[in-house]
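# A structural walkthrough
If you want the building blocks of each chain, they are given just below.
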Amino acid sequence: MESLNLDDPRLFKRYDPRGMGERIREMPVSCQQAWRMALDFNLPASYSRVNKVVILGMGGSAIGGELVSSLVASEARLPILLCRDYALPAFVDARTLVIASSYSGMTEETISAFEQALATGSKKLVITTGGRLKDLAEGKNIPVFSFSYKAQPRAALPFSFLPVLGFLQKLGFINDKSEDVAETIERMQKLSQKIDETASLLRNPAKQLAQRLYGHLPLVYGAGILSEVAHRWKTQLNENSKAWAFHEVFPELNHNAVVGYQFPEELAAEIVVVLLRSDYLPERIQLRYQVTSRLLEQAGVSYQFVDGEGSRPLSQMMSLVLFGDYTSYYLAMLYRIDPSPVKAIDYLKEQLDKR
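To start, this report covers the structure provided alongside it. (Residues numbered from 1 in each chain as written. Predicted model: local features only at pLDDT ≥ 70, side-chain atom pairs only at ≥ 80, totals over all residues. Heavy atoms only, no water.)

Attention now goes to the overall build of the protein. Secondary structure summary: the protein contains 13 helices and nine strands in total. What you see for the protein is a C-alpha radius of gyration of 20 Å, in line with the 20 Å of a compact globule of 355 residues. Overall size of the protein, expressed as C-alpha extent along the three principal axes, is 55 × 45 × 45 Å. Put simply, the protein has 355 residues, and 55% of those count as buried. Sequence separation of 24 or more characterises 79% of the internal contacts of the protein that already satisfy a separation of 6 or more. (Helix = DSSP H or I, 4+ residues; strand = E, 2+ residues; numbered from the N terminus. Rg over C-alpha atoms; globule rule 2.2 N^0.38 Å. Buried < 20%, exposed > 50% of the residue type's maximum accessible area, 1.4 Å probe, protein only. Contact = heavy atoms within 4.5 Å.)

Attention now moves to the pattern of salt bridges. For the structure shown, the criterion picks out 17 salt bridges. Put simply, Lys-190 and Glu-186 hold a salt bridge, and the shortest N to O gap is 3.3 Å. Residue Lys-190 and its partner Glu-186 are both found in helix 8 (residues 178–195); the two are separated by four residues, about one turn of the helix. Residue classification places Lys-190 among the partly exposed positions, given a relative accessible area of 49%. On the basis of relative accessibility, which here comes to 42%, the residue Glu-186 falls in the partly exposed class. One continuous salt-bridge network, built from bridges that share partners, spans Glu-22, Arg-25 and Glu-197. (Salt bridge = Lys/Arg side-chain N within 4 Å of Asp/Glu carboxyl O.)

Where helix 4 (residues 59–71) contacts helix 10 (residues 227–239), the axes come no closer than 8 Å and their chain directions differ by 155°. One way to sum up the angle between helix 4 and helix 10 is to call them roughly antiparallel. Between helix 4, through Ile-63, Glu-66, Leu-67 and Ser-70, and helix 10, the contact on the second element is made entirely by Glu-228, Val-229, His-231 and Arg-232. Partitioning the contact of helix 4 with helix 10 into residue classes produces three nonpolar, two polar and three charged. (Axes fitted to C-alpha atoms, helices over the stretch in contact; angles between N-to-C directions. Parallel < 35°, antiparallel > 145°, perpendicular 65-115°, else oblique. Nonpolar A, V, L, I, M, F, W, Y, C, P; charged D, E, K, R; others polar.)

Quick look at the pairing of strand 9 (residues 302–307) now. Across six bridges, the pairing between strand 8 (residues 271–277) and strand 9 is parallel. Residue pairing for strand 9: Val-272 is matched across the bridge by Ser-302. One crossover worth recording links strand 8 to the parallel strand 9 by way of helix 11 (residues 283–298), and it is right-handed. (Pairing = 2+ DSSP bridges. Right-handed = clockwise from strand over helix to strand, strands pointing away.)

Together, Glu-108, Asp-346, Glu-350 and Asp-353 make up a region of like negative charge exposed at the surface. Here the element with the most residues in the negative patch is helix 13 (residues 343–354); it accounts for three residues. Here Asp-346 shows up in helix 13. What makes Asp-346 partly exposed here is its relative accessible area of 38%. (Patch = residues over 30% accessible without salt bridge, like charges linked within 9 Å, V, L, I, M, F, W, Y side chains within 5 Å. Areas by Shrake-Rupley, 256 points an atom, 1.4 Å probe, with all protein chains shown as cover. Lys, Arg positive; Asp, Glu negative; His and termini not counted. Charge placed at Lys NZ, Arg CZ, Asp CG, Glu CD.)

The subject of this paragraph is the packing of helix 4 against helix 12 (residues 313–334). One way to put it is that helix 4 packs onto helix 12 with a least axis distance of 11 Å and a crossing angle of 145°. Considering the relative orientation of helix 4 and helix 12, their crossing is right-handed. On helix 12, the residues touching Leu-67, Ser-70 and Leu-71 of helix 4 are Pro-313, Leu-314, Met-317 and Val-321. Among the residues making up the contact of helix 4 with helix 12, the classes are represented as six nonpolar, one polar and no charged. (Left-handed = near helix turned anticlockwise from the far one by under 90°.)

Turning to the sheet that holds strand 4 (residues 123–128), a few remarks are in order. Taken together, the five strands give an open sheet; going across it, the order is 2-1-3-4-5, and neighbouring strands pair in parallel fashion. Each end of this open sheet is capped by a strand with a single partner; those strands are strand 2 (80–83) and strand 5 (144–146). With strand direction ignored, the average angle separating the axes of adjacent strands in the sheet is 20°. One ladder, built from five bridges, connects strand 1 (residues 52–56) with strand 3 (residues 96–102); its direction is parallel. Bridge assignment links Val-53 to a residue of strand 3, and that residue is Leu-97.

Here we take up the side chain of Ser-293. Structurally, Ser-293 is set in helix 11. Side-chain polar atoms of Ser-293 contact the backbone oxygen of Gln-290, separated by 2.6 Å. Setting aside residues no more than four positions away along its own chain, Ser-293 makes contact with Tyr-303 and Phe-305. (Polar contact = N/O pair within 3.5 Å; in protein donor to acceptor, adjacent residues only side chain to side chain.)

This part is about the nonpolar core. Within the largest apolar cluster, 100 residues are counted, with the highest numbers of intra-cluster contacts made by Phe-161, Leu-276 and Met-318. Considering every element that reaches this core, the biggest residue donor is helix 12, with 14 residues. Excluding residues that lie within four positions of it along the chain, Leu-276 makes contacts with Val-220, Tyr-221, Gly-222, Leu-226, Val-229, Ala-230, Trp-233, Leu-281, Tyr-289, Val-306 and Leu-320. Counting 17 residues, the second-largest nonpolar core is a separate cluster that includes Val-92, Phe-114, Leu-136 and Val-144. (Core = buried A, V, L, I, M, F, W, Y, C linked by side-chain atoms within 4.5 Å.)

Tracing the backbone through its elements, the reader meets Gln-290 in helix 11. On the basis of relative accessible area, Gln-290 is assigned to the partly exposed category, the value being 34%. Note: C-alpha distance between Gln-290 and Thr-235 (55 residues apart in sequence) is 25 Å. Not counting chain neighbours up to four residues away, the residues in contact with Gln-290 comprise Arg-277 and Phe-305.

Shown next as structure tokens:
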């Protein structure tokens, strides 16, 4: 299939009628709005007297919690765990804060786990736009962080990410992130201007990477605070670009994945590995990136480094999230596909409903 001209504005009008590109461009503003809403939200004082946090969610609603967990792992004063399943972990008790996050409020796995949480003495909080989850919470006088943002759930990332970060700050579990958030929003705004659809291919690294990924199988590598950013890239390439994609995490991938570069031999030319880097990764991890890139070269596998921007971990993380979202969007354009619909997921839900 012949590649299209990513500098042609008609391309975006034709293949993005639902405005996914606009949602990506709005992300810095949405981050600012979500942060302010989180700081203004009242939480019961008793919520600070817990010793663990469990976040319930799936897909685009869960990734916010995953990003928070990896970002604050080195400073959080209690464990932050994710539950992406129907079953609530058995250890949830009266000293657990359970945060149920579902954009629609209708995610069946999240509702199932939340209903189980209602039978425990845990502290509970809901993040949603509405649906059954909101009704369940309000019926039990459980605080609901309700927001209105019309988009695919994955495009509402700021509202599943920054509120959780803000709540952890308000409860005293992590350090104040106000300056980090301010710098992050500024960096994201500047980056968006450099890589949005109006920026020409010659000066737009996100468009260039999309062209490189076009017709190939993307593998995304990350580490530390970028582990879940790599996961976000993978899912955005799946959902926006409708493309196969996988992700791996350092240092674990150096104990298995690197051995698998050899076969099938014909795959080497079909794969592009994207290595996400940050200045905040430990020196030994940085070294692993370099050695792994040499192993990829020896195996004949193409790769590219993409570096985070900004002077703080949060800005490096979110600048790479934004870069990945734009890359997946441009790849959707190259594949001549509307990035918004997720027909396979809709079909799966319909089949589950029938049974």
